[in-house]
Amino acid sequence: MRLTRLLSAAAVVALAVTTPRVSAAQLADTKMLTADAVKSLLSSAEATAKQNKWNVSIAITDAAGDLLGFLKLDNASTGSVQIAQGKARTAARFGRPTKVYADRILSDTLTFLSVDGLVALQGGLPILVGGKVIGAVGVSGATSAQDEQVAATAIAAVIKL
């Protein structure tokens, strides 16, 4: 019995010594959008759109492109809902403004049309903090340039670099 306890204790010590330890150097500190930040982004985007009388849908995603917040202004088209969400998802997942892909398709790089889930319409912007994507804003319902203006204004009002 005593030998069994001794062997068990030795096994625990051996396991503790050989098990890799997680060090602080292996863990990254990442920024993320809080619920309050999402509300502020939506509020700022809404104010810009209303000031200009643009009936738009506004989507906010996290860095993975998953929806965190959404607002469809009165009289915004039904189609703008899916497009705004797609623009935000594309900007978050690819880390670039969606205008980049719209421009590349217009300049004859049609291969982007085969990328599943990519929305190649101007109006989606990634939210970058310290060079890292923490989310995105997608807007749809006005002209593409106006959609991007709403997204840019919202990000500038909330994210202080």
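Scroll up a little and you will see the structure.
Residues numbered from 1 in each chain as written. Predicted model: local features only at pLDDT ≥ 70, side-chain atom pairs only at ≥ 80, totals over all residues. Heavy atoms only, no water.

Here we look at helix α5 (residues 144–158)
Phase 1 of the analysis: With 15 residues, α5 ought to run about 21 Å at 1.5 Å a step, and its terminal C-alpha atoms sit 22 Å apart, in line with that.
Phase 2 of the analysis: For α5, every residue scored as buried is listed here: Asp 147, Glu 148, Val 150, Ala 151, Ala 154 and Ile 155. Looking straight down α5, one finds its buried side chains confined to an arc of 155°; they lie on one side.
Phase 3 of the analysis: Turning to α5, the residues buried within the fold contact α2 (35–51), α3 (79–94), α4 (98–106), β3 (124–129) and β4 (132–140). (Helix = DSSP H or I, 4+ residues; strand = E, 2+ residues; numbered from the N terminus. Expected span 1.5 Å × (residues − 1). Buried < 20%, exposed > 50% of the residue type's maximum accessible area, 1.4 Å probe, protein only. Arc of directions from axis to C-beta. Contact = heavy atoms within 4.5 Å.)

Comments concerning the nonpolar core
Phase 1 of the analysis: Within the largest apolar cluster, 22 residues are counted, with the highest numbers of intra-cluster contacts made by Leu 33, Leu 41, Ile 58, Ile 60, Ile 127 and Val 137.
Phase 2 of the analysis: Those elements that place two or more of their residues in this core are α2, β1 (57–62), β3, β4 and α5.
Phase 3 of the analysis: Here this core takes six residues from α2, the largest share from any one element.
Phase 4 of the analysis: Once residues within four sequence positions are removed from consideration, Ile 127 is found in contact with Leu 33, Leu 41, Lys 132, Val 133, Ile 134, Gly 135, Ala 136, Val 137, Ile 155 and Ile 159. (Core = buried A, V, L, I, M, F, W, Y, C linked by side-chain atoms within 4.5 Å.)

Here we look at α4
Phase 1 of the analysis: If you check which residues of α4 are buried, you get Thr 98, Tyr 101, Ala 102 and Ile 105. Taken end-on, α4 shows its buried residues confined to a sector of 100°, consistent with a single buried face.
Phase 2 of the analysis: Immediately downstream of α4, the backbone of Asp 108 shows phi near 85°, a positive value.

Description of the packing of α2 against α5
Any two packed helices are characterised by how steeply their axes cross, that is the angle between the axes, and by the distance between the axes.
Phase 1 of the analysis: Two numbers describe how α2 lies on α5: the axes approach to 8 Å, and their chain directions differ by 135°. Considering the angle they form, α2 stands oblique to α5. Of the two elements, α2 crosses α5, and the hand of that crossing is right-handed. Contacts between α2 and α5 involve Ala 37, Ser 40, Leu 41, Ser 44, Ala 45, Thr 48 and Ala 49 from the first element and Val 150, Thr 153, Ala 154, Ile 155, Ala 157 and Val 158 from the second.
Phase 2 of the analysis: Class assignment of the residues belonging to the contact of α2 with α5 gives a composition of nine nonpolar, four polar and no charged. (Axes fitted to C-alpha atoms, helices over the stretch in contact; angles between N-to-C directions. Parallel < 35°, antiparallel > 145°, perpendicular 65-115°, else oblique. Left-handed = near helix turned anticlockwise from the far one by under 90°. Nonpolar A, V, L, I, M, F, W, Y, C, P; charged D, E, K, R; others polar.)

Examining the sheet that holds β4
Each strand in a sheet pairs with another by means of backbone hydrogen bonds, the pair being arranged parallel or else antiparallel.
Phase 1 of the analysis: Reading across the sheet, the four strands line up as β2-β1-β4-β3 and stay open at both edges, with antiparallel pairing between neighbours. If you trace the sheet from one side to the other, it starts and ends with β2 (67–72) and β3, each paired once. Geometrically, the sheet is characterised by an average inter-axis angle of 15° between neighbouring strands, direction not taken into account.
Phase 2 of the analysis: When β1 meets β2, the two strands line up antiparallel, connected through five bridges. Bridge pairing in β2 places Ile 60 opposite Gly 69.
Phase 3 of the analysis: Packed on one face of the sheet, α3 meets β1, β2, β3 and β4 and runs near 160° to β4. (Pairing = 2+ DSSP bridges.)

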